[in-house]
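# Overview (structure and organization)
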Amino acid sequence: MFHLAELASYNICSRCAGRIFAYHGHGLTNVERGRYLQFAIGCELGNPDFSFCDEDKCKLCHGIFKKFDDIYSLVMKKVGDAQFSTFLVGSVFPEDTMMMEEEMQRKFGSSGESIKKEFNREFGKFFSMKTGTEYRQDDPDLSILVNAEYLFVEIKLRSIYVYGKYRKFRRDMPQTRWIHRPDGDTVESIIGSVMIRHSGGTNYYLHGSGREDVDVRMLGNGREFVLELENPARREFDLDQVAREVNEYHRGIEIFDLSFSDKDTVSRIKLENHKKVYDALIVSDGLIDEERIRKACAELNGKNIYQRTPLRVAQRRSDLIRTRRIDSIDLVGVSGNEAEIIISADAGTYIKELVSGDDGRTKPSLSEMYGAPLNVKELDVIKICRGED
Ligand SMILES: [Zn+2]
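Okay, so let's go over this structure. (Residues numbered from 1 in each chain as written. Predicted model: local features only at pLDDT ≥ 70, side-chain atom pairs only at ≥ 80, totals over all residues. Heavy atoms only, no water.)

## Considering unusual backbone geometry
Rules: Strands here mean DSSP runs of E at least two residues long; helices mean DSSP runs of H or I at least four residues long; both are numbered from the N terminus. Burial here depends on accessible area, computed with a 1.4 Å probe over protein chains only, as a share of the maximum for the residue type. Under 20% is buried, over 50% is exposed, and the range in between is partly exposed.
With an omega of -15 degrees, the peptide bond between Lys363 and Pro364 qualifies as cis. With respect to the element layout, Pro364 can be found in the loop between β13 (362–363) and α11 (366–370). At Asp139, a position not held by glycine, the phi torsion is positive, near 55 degrees. For Asp139, the location among the structural elements is in the loop between β2 (134–135) and β3 (142–147). Take Asp139: its relative accessible area is 54%, and that puts it in the exposed class. Unlike most non-glycine residues, Leu151 shows phi in positive territory, near 50 degrees.

## Section: the packing of helix α3 (residues 68–79) against helix α5 (residues 115–131)
Inclusion rule: The convention used is that axes are lines fitted to C-alpha atoms, helices contributing only their stretch in contact, and that angles between N-to-C directions extend from 0 to 180 degrees. For this classification, under 35 degrees means roughly parallel, over 145 means roughly antiparallel, 65 to 115 means roughly perpendicular, and everything else is oblique. Crossing handedness follows the turn of the near helix against the far one: under a right angle anticlockwise gives a left-handed crossing, and clockwise gives a right-handed one. Throughout, a contact is declared for two residues whenever any of their heavy atoms are within 4.5 Å. Each residue is assigned to one class: nonpolar for Ala, Val, Leu, Ile, Met, Phe, Trp, Tyr, Cys and Pro, charged for Asp, Glu, Lys and Arg, and polar for all the others, Gly among them.
For the pair α3 and α5, the least separation of the axes is 11 Å and the interaxial angle reads 65 degrees. Considering their axes alone, α3 and α5 lie roughly perpendicular with respect to each other. In this structure, α3 crosses over α5, and the sense of that crossing is right-handed. In this structure, α3 contributes Phe68, Asp69, Ile71, Tyr72, Val75 and Met76 to the contact, and α5 contributes Phe119, Glu122, Phe123, Phe126, Phe127, Lys130 and Thr131. Of the residues assigned to the contact of α3 with α5, the class counts are nine nonpolar, one polar and three charged.

## Structural notes on the pairing of strand β9 (residues 276–284)
Cut-off, in case you're wondering: Between any two strands, pairing holds if DSSP finds at least two bridges.
Taking burial as the measure, the nine residues of β9 include seven buried ones, the bulk of the element. For β9 and strand β12 (residues 338–345), the ladder comprises eight bridges, and the chain directions are antiparallel. Bridge pairing links Ile282 to Ala339 in β12. Strand direction decides the pairing type here: β9 and strand β14 (residues 374–384), joined by nine bridges, are antiparallel. Considered in β14, the bridge of Ala280 is made with Leu379.

## Let's talk about the coordination of the zinc ion
Quick note on the threshold: Donor selection uses N, O and S atoms within 2.8 Å of the metal (3.2 Å for Na, K and Ca). Since no water is included, sites may look incomplete. A site with four donors is called tetrahedral when every donor-metal-donor angle falls between 85 and 135 degrees; four donors are called square planar, and six octahedral, when opposite donors sit more than 155 degrees apart and all other angles fall between 65 and 115; any other arrangement is irregular.
Taken together, the protein donors to the zinc ion comprise Cys13 (SG), Cys16 (SG), Cys58 (SG) and Cys61 (SG), at separations of 2.2 to 2.3 Å. Classification of the site at the zinc ion as tetrahedral follows from its four donor atoms and the range of 105 to 113 degrees in their angles at the metal. Linear spacing of the donor residues for the zinc ion on their chain is C-x2-C-x41-C-x2-C. Here Cys61 falls in the buried class, since its relative accessible area comes to 3%.

## Comments concerning the pairing of strand β4 (residues 152–157)
Of the pairings in the sheet, the one linking β3 to β4 comprises six bridges and is antiparallel in character. Directly across from Val146, in β4, lies its bridge partner Val153. Between the antiparallel neighbours β3 and β4 lie four residues, among them Leu151 with a positive phi of about 50 degrees.

## Observations concerning a positive patch on the surface
Put simply, the test is: Residues forming no salt bridge and having over 30% relative accessible area are the ones grouped into patches, like charges within 9 Å of each other and nonpolar side chains (Val, Leu, Ile, Met, Phe, Trp, Tyr) within 5 Å. The Shrake-Rupley method, run with a 1.4 Å probe sphere, supplies the accessible areas, and residue values consider only the shown protein chains as cover. We count a salt bridge whenever a side-chain nitrogen from Lys or Arg sits within 4 Å of a carboxyl oxygen from Asp or Glu. We treat Lys and Arg as the positive residues and Asp and Glu as the negative residues; His and chain ends play no part in the count. For this purpose, a charge sits on NZ of Lys, CZ of Arg, CG of Asp or CD of Glu.
Taken together, the side chains of Arg211, Lys270, Arg316 and Arg317 make up a positively charged region of the molecular surface. Judged by relative accessible area, Arg316 falls into the exposed class, the value being 58%.

## Brief notes about the nonpolar core
This is how the line gets drawn: Put simply, buried Ala, Val, Leu, Ile, Met, Phe, Trp, Tyr and Cys residues joined by side-chain atoms within 4.5 Å make one nonpolar core. Boundaries of every domain are those given by an automatic assignment or by a domain database.
Residues Ile191, Ile255, Ile282, Ile341 and Ile343 are the most contacted members of the largest nonpolar core, which totals 50 residues. Both of domain 2 (160–271) and domain 3 (276–384) provide at least three residues apiece to this core. Leaving out residues up to four positions away in the same chain, Ile341 has contacts with Tyr278, Asp279, Ala280, Ile282, Cys297, Ile329, Asp330, Leu331, Val332, Val355 and Leu366. Judged by nonpolar contacts, the second largest core, of 41 residues, contains Phe21, Ile41, Val79 and Val146.

## Regarding the pattern of salt bridges
Within this structure, the stated rule accounts for 39 salt bridges. Residues Asp69 and Lys130 are paired through a salt bridge, measuring 3.7 Å at the closest nitrogen-oxygen approach. With Asp69 in helix α3 and Lys130 in helix α5, this pair connects stretches of sequence that are 61 residues apart. Judged by its relative accessible area of 40%, Lys130 is partly exposed. For Lys275, the salt bridge goes to Asp346, with nearest N and O atoms at 2.7 Å. Here the residue Lys275 occupies a position in the loop between α8 (263–271) and β9, and Asp346 occupies one in the loop between β12 and α10 (351–356), the gap between them amounting to 71 residues. Overall, the relative accessible area of 30% leaves Lys275 in the partly exposed class. Here the salt bridges share partners, and the residues they tie into one network are Arg15, Arg19, Glu55, Glu101 and Glu118.

Right under this line is the structure:
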């Protein structure tokens, strides 16, 4: 058992004393609890003048609860004119404070709350009152982290997510930025650079529902994407205007069906596995025999093919044999040593290898069926079968 009077030997303020007994005296603040303790201890010691020390001399809190105005200014300096309507407060206190607190709580009955908890709650109330915004635990617009030891703050604004679909009309453009070619055009940088101008923010990422090769055009009903904007200053802006600017940029990208979205949509579109329709221009060393190529196409209709990971992507993908269904291959026409075909196939089919055979790594292949080497010269995705149209 302990004596309350033992508390008198610590250099702490009434708030910190009250916090040690936070689970006693329902409806009291820690400061009020501290005042009762002060009175009781004074009686116990027979010293009517006994008092806890001032907050700024307190060995535990070092007066941090009196610095809310300063902390508020530090936060708002970082927030600038960024929009937010919900926020969360976290805090870091020095290790010796945490240890001293733990030790005292153990000694006095383990019925207290931590200084972090009180600080986060009380500064949260203060911040809410000052800004007219709401404290929210889950997914707040603004996360505030206060370092109580060195009195600095870090903030993070929740990313915003914009859903849309893109068409790509170029054969020289990757979907996302390359580390070794950061300045070249990409689908990501063309869309992202416009959106970051409208939203403010520190960075952007394009999450695509799959991706086409650099040299493949993405036509037809377009590919779904979500663009993530980090630390946005504005959480809402005119998406029609964004689409207009991207589309009038004439950099070979068109976007449409834009809407504000969320993180869950990123996972949803990344998991989607739609069949696709391709338009391929294929080429042979010699003249292409129309009847033979038509027959070769027909042989693959409705067939499963087996594709070992192509050498060209072997560094990025594990070496597996995948089964893919070819729904149909239709010959559009033949001209000299070129032919145009329309292919409808499972998501993830390697079309270039379906045509070439990839040195036997894809079986059967169009080259094999035709009986002479064929290669894809140009490839377009013309439809992603999302079942919406
Ligand atoms: Zn204190």
